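# Structure at a glance
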Amino acid sequence: MGKTNLLRVTQMNAVYLDKEIFKTLYQLFIDSTRNLPPGFIAPYEPELKLLLHLALLHSSLCKEGSTFGQQLLSIRYHKINSAQKILYLIANCFEYVKNKLEFTAPSHNINNTIFKIYTVIKLLDFINLSIFLRNGVKPLLLERILCLNQVYATDNVQRQYESKYLARELLWNGFIELLVFILPLINYHKIKRAIRNINPFHVKTKYSVVANRSMTMHSKCAYCGENPILPHHMGCSHIFCYVCLKGNQVADSKFECPACEHNNPNLLCDRVTIM
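Quick look at the structure, then. Treat the numbers as computed from the prediction; the structure is a model and nothing was measured.

Rules and cut-offs
- Residues numbered from 1 in each chain as written.
- Predicted model: local features only at pLDDT ≥ 70, side-chain atom pairs only at ≥ 80, totals over all residues.
- Heavy atoms only, no water.
- Phe/Tyr/Trp six-rings, centres within 6.5 Å; stacked < 30°, edge-to-face > 60°.
- Helix = DSSP H or I, 4+ residues; strand = E, 2+ residues; numbered from the N terminus.
- Buried < 20%, exposed > 50% of the residue type's maximum accessible area, 1.4 Å probe, protein only.
- Lys NZ or Arg CZ within 6 Å of the ring centre and 35° of its normal.

### A word on the packing of aromatic side chains
Within the structure shown, the criterion is met by six aromatic pairs. With a centroid separation of 6.3 Å and an interplanar angle of 10 degrees, the aromatic rings of Phe22 and Tyr26 are classed as stacked. Note that Phe22 and Tyr26 are positioned in helix H1 (residues 8-32) at a spacing of four residues, about one turn of the helix. An identical accessibility class is assigned to Phe22 and Tyr26; each is buried. Residue classification places Tyr26 among the buried residues on the basis of a relative accessible area of 10%. Among the aromatic residues, those joined into a cluster by ring pairs are Phe22, Tyr26 and Phe29. The residue whose ring lies beneath Lys98 is Tyr118, and the NZ or CZ to ring-centre distance is 4.3 Å.

### Some words on unusual backbone geometry
Non-glycine residue Ser74 carries a positive phi angle of around 60 degrees. For Ser74, the position within the fold is in the loop between helix H3 (68-72) and strand S1 (75-77). Residues other than glycine seldom take positive phi values, yet Lys138 does so here, at roughly 60 degrees. Here Lys138 lies in the loop between helix H6 (109-135) and helix H7 (141-145). Take Lys138: its relative accessible area is 14%, and that puts it in the buried class.

Written out as structure tokens, the structure reads:
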């Protein structure tokens, strides 16, 4: 199959997807080891990351000739051979070797040499990205060094942009920007209170004003659900962050406690005394 011109965004998306797949799998692995003793995994973290990275490349690049990110976008490397695959795997071990040397022998001469090589690679990576933005091929420096070209996996997947598609994208982007601007201005609790008050079947919760409130390390803000910062109350037994309580009272003079529906007409906002 002949080469097909790929969109720059498709190639960059493949690189991004590869990174996200690695992060997702590694996070799942970390989550599965939460019940192990604290710090049990930490000493082996660089080795685990390297093994996972190599396992992903072996399962995708070595077997299929394309990474998982490329497979999701129906692209692949054009006629990649075994030698290029091996060099690709070896090149991805460089970051591990650099970090390991920095930890074990920070002042050794070989470590200084590795750091200089790493600096040169990053500079070449920047130059390669600039070239990619200009001509639209080989977004990774490793691809340029190994002479790897990306092509579509099939002949019928090339994306075509039409005026209708672009207009629809612009419309949705404008709508999302409008929502991002408007949604923070909506007082959800005020609307909820108004709907609850006009509901004839709603039975208002009975509450009683208490003199003391128990503030412990497990106490949560009745509004945001986090540990209270500058704990305050409005007359009921529930505790709020100062910003959560005062901000809602300023925005809504009839603000009620989300937990017990207590309302104080005097906008009481007193500090909670920690015993």
